[in-house]
Amino acid sequence: MGETGGGAAGRRVPAEWTSSRPRAERARQVADVLRYQITAGRFADGVLPDERRLGEQFGASRNAVREALALLRREGVVTRKPGVGTRVVLPKYGHGLDRLAGLAEVMTGYGTITNEVRTARPVAELPVPIAERLGVDPAAGGVHLERLRWLDGLPLSLDTTYLTADVGLRLLDCDLAGRDVFSLIEETTGQRLGTAEVAVHAVNADPDTAALLGIPDHAAVFALERLTRTADGRPVDVESIRIRADRMALTATLHRGLPPVENPL
């Protein structure tokens, strides 16, 4: 079969997947689409079509498809076994970035979220960078939380949180193992949370984080840094979250507004 063979006569093959493209490039493109389909829950039973059918769908040779599946296997997305086929290793869940919500809220309906509370203590002095983000003096102190989040018995994320003293101290007697911090802040302070500034990076997990999350050393994780404010704009919560990239996809619905108006000269 040629690199564009295997499909029905007259089938339209994307121009970028024709035989003029290197096989490695076509394999990457096939892997990108399959990864998206897996994240979107396209394969409900966890089983991918065989190489021949995938080749027909993508207009690619079996060699290109085989290489694409090998890429996904090395990423830990799928597993391949003779006589069994290609299966999704773990389902990926979407975590929307267009709404301020705790993990338990986001994962409603996907399974049971539990929190292993590793640290929950007041600190007499905040680290200077944390104090600067919270807009307080380091000597004002605060509360430090660290929780390992689990979904249906498998680790999902490692969350490190610093809170201002007046907000954080109220949480130390609360159910930190069973509740989201966001909902506890709103309940104990009587104030609504308003906005959050979020930055997401792709990093390699250090050995300690990897061990806690149950992944290989230096595996890719999402590093999510978040500063959360109350509705009146006051910063109260700084978080550093390490999320298993093989278990979660970060999603958002974006709306295109009017272009900015240029200032006249």
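Our subject in this report is the structure included herewith. (Residues numbered from 1 in each chain as written. Predicted model: local features only at pLDDT ≥ 70, side-chain atom pairs only at ≥ 80, totals over all residues. Heavy atoms only, no water.)

1. Details of the overall build of the chain
Within the chain, the regular secondary structure consists of 8 helices and 10 strands. Burial status across the chain gives 40% buried among its 265 residues. Long-range contacts, defined as pairs at least 24 residues apart, comprise 59% of the intrachain contacts of the chain with a sequence gap of at least 6. Of the roughly 14,400 Å² of accessible surface on the chain, 51% is carried by carbon and sulfur atoms. (Helix = DSSP H or I, 4+ residues; strand = E, 2+ residues; numbered from the N terminus. Buried < 20%, exposed > 50% of the residue type's maximum accessible area, 1.4 Å probe, protein only. Contact = heavy atoms within 4.5 Å. Areas by Shrake-Rupley, 256 points an atom, 1.4 Å probe, with all protein chains shown as cover.)

2. Quick look at the sheet that holds strand S7 (residues 193–204)
Sheet architecture is open: 6 strands sit in the order S4-S5-S6-S9-S8-S7, paired in antiparallel fashion. Of all the strands in the sheet, the pair left with one neighbour each is strand S4 (113–123) and S7. Adjacent strand axes in the sheet meet at a mean angle of 15° when their direction is disregarded. For S7 and strand S8 (residues 220–230), the ladder comprises 11 bridges, and the chain directions are antiparallel. Directly across from His-201, in S8, lies its bridge partner Ala-223. Helix H7 (residues 181–189) rests against strand S5 (142–151), strand S6 (154–164), S7, S8 and strand S9 (235–244) of the sheet, and its axis sits at about 165° to S9. (Pairing = 2+ DSSP bridges. Axes fitted to C-alpha atoms, helices over the stretch in contact; angles between N-to-C directions.)

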